[in-house]
Amino acid sequence: MGEPITNMPQFQDEDVARKVLEEMRWPNGVVCVHCGGVDRISKLIGEQYRPGLYRCGDCRKQFTVTVGTVFERSKIKLNVWLYAVHLMSASKKGISSLHLQRMLGVQYKTAWFLTHRIREAMSDNPEGLLGSGGGTVEADETYWGNSKRSKAGRKYKGRGGDHKEKIVSLVERNGRVRSFHVQAVNGATLREALTKNIAKDAHLMTDELPAYKSVGREFASHEVVKHSAKEYSRGNAHTNTVEGYFSLLKRGLIGTFHHVGAQHLSRYVNEFDFRYNHRKVDDFERASFALRGAFGKRLTYRA
Ligand SMILES: [Zn+2]
């Protein structure tokens, strides 16, 4: 230890970075990304070939480790990619494109492209339903206003909140989170988010918003915390976990991403979900989860 992270070989040397990616994508040997063949793969070595190029004798096609990933067809060096993934995975509140630009010494356009693609790699939702096996899931909604900084992050209901972006989060106690940027907070949107993501045998905790009432009957139990009556917790009935998550999310949005446009909000929220869902591992392991998310994820994002 003691060596600055920047100096690690995979962040300095493109060949080392490629090797790291190859070992991660193909832990049991190179697999053809086109046909799945493993028996007749040869590495193409020589001046005339791109580094890291393979040829499959079964389908006769060529490929590299980046084919079909968010790294595909970019001129950015793989070691720069890896460093950017590491920085975004390690940062508690996220890193803006501007900040990344300075840290990597690249153009803003490049940094913007990197952050958006890496965010995409982080968008994998945890598998399965939340709270299955009788767990507890807290659901809550919050509002994010982009136009007025002074109100940003303040939570309120009704009273002209229509211009605010709406985020619904479902958090397992001591577990995972899934968040959604929704067009409206009402019985229909909450029903969809909750029934598709929370197990029937889970115990649901919400505040007193009437829209939760009907969908609440779909679960093993539904406890309501009455915030209006200054009741913040009643024994085990509380929504402190999801509220803690919102405060983390908003600190990040206010501190780092104050210009988040509505069209990008769900990607930022995914990024925060990702870090929360991998909070119990170290920065390197979290980054490797992000890299795994990058494989098999061809981007539809236009730079
Ligand atoms: Zn093949």
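Here, the structure is the one placed above.
Residues numbered from 1 in each chain as written. Predicted model: local features only at pLDDT ≥ 70, side-chain atom pairs only at ≥ 80, totals over all residues. Heavy atoms only, no water.

## Let's talk about the pattern of salt bridges
Okay, step 1: Scanning all chains against the criterion turns up 13 salt bridges.
Okay, step 2: Residues Glu 271 and Arg 275 are paired through a salt bridge, measuring 2.8 Å at the closest nitrogen-oxygen approach. Taken together, the positions of Glu 271 and Arg 275, both in helix α9 (residues 265–277) and four residues apart, correspond to about one turn of that helix. In this structure, Glu 271 and Arg 275 share a single accessibility class: buried. (Salt bridge = Lys/Arg side-chain N within 4 Å of Asp/Glu carboxyl O. Helix = DSSP H or I, 4+ residues; strand = E, 2+ residues; numbered from the N terminus. Buried < 20%, exposed > 50% of the residue type's maximum accessible area, 1.4 Å probe, protein only.)

## So, helix α4 (residues 97–104)
Okay, step 1: Looking only at α4, the buried set comprises Ser 97, Leu 100 and Leu 104. In an axial view of α4, the angular spread of the buried residues amounts to 60°, which keeps them on one side of the axis.
Okay, step 2: Contacts from the buried residues of α4 go to α3 (78–90) and α5 (108–121).
Okay, step 3: Backbone geometry just downstream of α4 places Gly 105 in the positive-phi region, at approximately 65°. (Arc of directions from axis to C-beta. Contact = heavy atoms within 4.5 Å.)

## Topic: unusual backbone geometry
Okay, step 1: Backbone geometry at Arg 60 places phi at a positive 65°, although glycine is not the residue there.
Okay, step 2: Relative to the helices and strands, Arg 60 resides in the loop between β2 (54–56) and β3 (62–63).
Okay, step 3: Even without being a glycine, Asn 174 presents a positive backbone phi close to 60°.

## So, the coordination of the zinc ion
Okay, step 1: Donor atoms from the polypeptide that coordinate the zinc ion comprise Cys 32 (SG), Cys 35 (SG), Cys 56 (SG) and Cys 59 (SG), at 2.3 Å from the metal.
Okay, step 2: Because the angles between the four donor atoms bound to the zinc ion fall within 106 to 117°, the donor set is best described as tetrahedral.
Okay, step 3: We note that the donor set of the zinc ion lies within a single chain, spaced as C-x2-C-x20-C-x2-C. Of this pair, Cys 32 sits in the loop between α2 (14–25) and β1 (41–43) while Cys 56 is found in strand β2, placing the two residues 24 residues apart along the sequence.
Okay, step 4: Note on Cys 56: relative accessible area 0%, which makes it buried. (Donors = N, O, S within 2.8 Å, 3.2 Å for Na, K, Ca; no water. Tetrahedral: all angles 85-135°; square planar, octahedral: opposite > 155°, others 65-115°.)

## Considering the packing of aromatic side chains
Okay, step 1: On inspection of all chains with the given rule, the structure shows seven aromatic pairs.
Okay, step 2: The side chain of Arg 275 reaches across the aromatic face of Phe 272, ending 4.8 Å from its centre.
Okay, step 3: Directly above the aromatic system of Phe 289 lies the positively charged group of Arg 292, at a separation of 5.0 Å from the ring centroid. (Phe/Tyr/Trp six-rings, centres within 6.5 Å; stacked < 30°, edge-to-face > 60°. Lys NZ or Arg CZ within 6 Å of the ring centre and 35° of its normal.)

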